[in-house]
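Summary of the model geometry
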Amino acid sequence: MPAENIIKQLQSLKEIKPNKDWVNSERELLLSQIAVQSSPKPQSFLVNSWFMAKSLMPGGMMKFVAKPIGVLTVLAAFLFSTGALGVNASKGSLPGDFLYPVKLKTEQVKVGLTAGSEKKAEMHVQFAGERVKEIEKVSRQATTPDHKKAQIQAAAAVLTQEMQKAQEHLEVAKNDKQKSGDLIQVIKSVDEKTDEISAQIVQKQTELKADREINRTLQKAVDAADNTGVKAVEVIVDKNQKGDIQLSENELVGIIEKKIEKTSEQINQVNQAAGVINANAAAVQGGAAGSGGNASQPAGAGSLASDFKDKPAEAKQILSEAQVMLDQGDLTSAIEKVKQSVEITQEAQQTVNEITPAAAAPVQTNGTAGSGS
Amino acid sequence: MHKSSLKEKYLIFKVRQNKDADAYGQLYDYYVDRIFRFILFKVSSIEEAEDLTSEVFLKTWEYVNNGAGKIKNLNALLYKVARNAVIDHYRAKSGDAVATDEEQMELIQDKRDLEGEANAKIEILNIEKHLKKLKDVYREIIILKYIEEFSIGEIAEIVDKSKGNVRVLLHRALQALREIAGE
């Protein structure tokens, strides 16, 4: 083949690009971690552990460690292999701590050493659970609000990534022709754990809802957890259809019905939140009418009607269709409908999250400007 | 932004002086596709490429902020960090079971964001398969020269070899690729 043709073909490889969603979520994570490192923080005893670990490293490793490149991997591999010191040194670290990247790297190494895509997915979900614990610990710490915010956002961003990786592994497991003995148990565990994580993050959102940025980051984490749960159910249904696993129809129907029920609850919550917003907007309009029309609406409240109006109804309609298909025994179509409903519900929730702080802000009448945030 | 331009130098200055995350974000936006692509040709899965790309940008941040010397060429630095990250990755990973080349190619091709017509996609898949068969040192030189479009001097800096050495390697790499493509 002439060299010019080969070069032309090589140049066409420039079209290869990373997934845009990954690029965006990765950017957010990176900037969160950087922001944490940049914000003033209290001195951590773990910094001393770094010097201790360094002094205990085998002599031959010191040259390698002296380079800025490779430090994290070498340290993670060393800490991981030495057991007690390794696990204890980085295990308790939180976002912003010196050894936190080592903790994350250690987790990555563990996933790398795990065989089986479904087990890798389970590990990622397990590590997502660790992020929830970190968020909890950070919330309880006495530190500056900015630092706390950066830490929470960093942990939530990593949590979202763990869930995305779990979904990727579940997709691989779905297409994997090999049959693993405990496949069904592992995937069911992924489904249950993601539900648990989703509920814990929602709880945290309620506590921290005043800060819109934190709320936004936590919502992404909730959505990622929910999508992973739905993906797990999709894999269970698919594997059962192919005969790779054996589950009774009752059990399968029960698993899908649980997802339908959860999605229905989420739609109701979104509707409730929307009800509050609309009530506030009506109160504002009523107040404006009484004071000669000088009040200003909270910023963005008026746009709720157009962005949002049909979404919960649409999500509910699709969910009903899912139930019908489930009743007819078409499990694959049922779970597809559930996925669509979840997606629309998440869009509606995002709209509500963006508007709620503004709509909840107190509004003054008689010519003074509204104090929407 | 290209080849240590004024803008890039200013962004690096902001990163070093103020630990400016936004400035680093702009550098990330410019380089992420290229670093990901470079790593993807060296590893066996998209996930590995993503993980290592993340690691590269975090390490580079630390290096830019903590390194004593001036950053003359961020481009070269990023690729060096990427090369070393891949080497470390395989050292840590040695002994782990990996999927066959065929399976990995399927994983990568299913999930990648490819643009262009269907025929172009087929061409891309073929040349990728040929690339995978090359020796690592040849593949790296080919990628840096024809995909990332670095000069011989820039490649020499990244791979830590002389320009003459790089020219010879490039000639041999292209020869080897032509032989594989002609199979």
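Residues numbered from 1 in each chain as written. Chains lettered and ligands numbered in written order. Predicted model: local features only at pLDDT ≥ 70, side-chain atom pairs only at ≥ 80, totals over all residues. Heavy atoms only, no water.

This part covers unusual backbone geometry. Glycine aside, residues mostly have negative phi angles, and peptide bonds mostly take the trans form. All names here are of chain B. Of note in the backbone geometry, glutamate 149 takes a positive phi value of approximately 60° without being a glycine. Structurally, glutamate 149 can be placed in the loop between helix H7 (136-147) and helix H8 (152-159). Glutamate 149 sits in the partly exposed class, given a relative accessible area of 46%. Positive phi values are uncommon outside glycine, yet aspartate 160 reaches one of about 60°. Given a relative accessible area of 69%, aspartate 160 falls into the exposed group. (Helix = DSSP H or I, 4+ residues; strand = E, 2+ residues; numbered from the N terminus. Buried < 20%, exposed > 50% of the residue type's maximum accessible area, 1.4 Å probe, protein only.)

The next subject is the packing of helix H7 (residues 100-112) of chain A against helix H8 (residues 117-140) of chain A. Residue and element names in this part refer to chain A. Where H7 contacts H8, the axes come no closer than 9 Å and their chain directions differ by 160°. The orientation of H7 relative to H8 falls into the category roughly antiparallel. As for how H7 packs across H8, the hand of that crossing is right-handed. In contact with Tyr100, Lys103, Leu104, Glu107, Lys110, Val111 and Gly112 of H7, H8 contributes Lys120, Met123, His124, Phe127, Glu130, Arg131 and Glu134. Residue classes in the contact of H7 with H8 are distributed as five nonpolar, two polar and seven charged. (Axes fitted to C-alpha atoms, helices over the stretch in contact; angles between N-to-C directions. Parallel < 35°, antiparallel > 145°, perpendicular 65-115°, else oblique. Left-handed = near helix turned anticlockwise from the far one by under 90°. Contact = heavy atoms within 4.5 Å. Nonpolar A, V, L, I, M, F, W, Y, C, P; charged D, E, K, R; others polar.)

To continue, consider the packing of helix H9 (residues 145-175) of chain A against helix H10 (residues 183-208) of chain A. The description of two helices packed together rests on the angle between their axes and the distance between the axes. Residues and elements named next belong to chain A. Where H9 contacts H10, the two axes come as close as 13 Å, and the packing angle between them is 160°. Between H9 and H10, the angle falls in the class roughly antiparallel. Every pair of crossing elements has a handedness; the one defined by H9 and H10 is left-handed. In this structure, H9 contributes Ile152, Leu159, Met163 and Leu170 to the contact, and H10 contributes Val190, Thr194, Ile197, Ile201 and Leu208. Looking at the contact of H9 with H10, its residues break down into eight nonpolar, one polar and no charged.

Attention now goes to a negative patch on the surface. Residue and element names in this part refer to chain A. Together, Glu257, Glu261, Glu265 and Asp327 line one region of the surface with negative charge. Ranked by the residues each element gives to the negative patch, the list is headed by helix H12 (residues 249-290), at three residues. Position of glutamate 261 relative to the elements: it lies in helix H12. For glutamate 261, a relative accessible area of 52% translates into the label exposed. (Patch = residues over 30% accessible without salt bridge, like charges linked within 9 Å, V, L, I, M, F, W, Y side chains within 5 Å. Areas by Shrake-Rupley, 256 points an atom, 1.4 Å probe, with all protein chains shown as cover. Salt bridge = Lys/Arg side-chain N within 4 Å of Asp/Glu carboxyl O. Lys, Arg positive; Asp, Glu negative; His and termini not counted. Charge placed at Lys NZ, Arg CZ, Asp CG, Glu CD.)

Before going further, it helps to examine the environment of Asp211(A). Residue and element names in this part refer to chain A. If you trace the backbone, aspartate 211 turns up in the loop between H10 and helix H11 (212-242). Residues aspartate 211 and lysine 149, spaced 62 residues apart in sequence, show a C-alpha to C-alpha distance of 8.9 Å. For aspartate 211, the side chain forms a polar contact with the main-chain nitrogen of isoleucine 214, separated by 3.1 Å. (Polar contact = N/O pair within 3.5 Å; in protein donor to acceptor, adjacent residues only side chain to side chain.)

Turning next to the nonpolar core. Leu10(A), Ile35(B), Ile39(B), Phe57(B), Leu74(B) and Ile142(B) are the most contacted members of the largest nonpolar core, which has 69 residues in total. When residues in this core are grouped by element, the largest group, twelve residues, is from helix H2 (residues 21-40) of chain B. Excluding residues that lie within four positions of it along the chain, Phe57(B) makes contacts with Leu30(A), Tyr24(B), Tyr28(B), Tyr31(B), Val32(B), Ile35(B) and Leu78(B). Core analysis: the next-biggest nonpolar cluster, separate from the first, contains 51 residues, Leu94(A), Met163(A), Leu326(A) and Ala334(A) among them. (Core = buried A, V, L, I, M, F, W, Y, C linked by side-chain atoms within 4.5 Å.)

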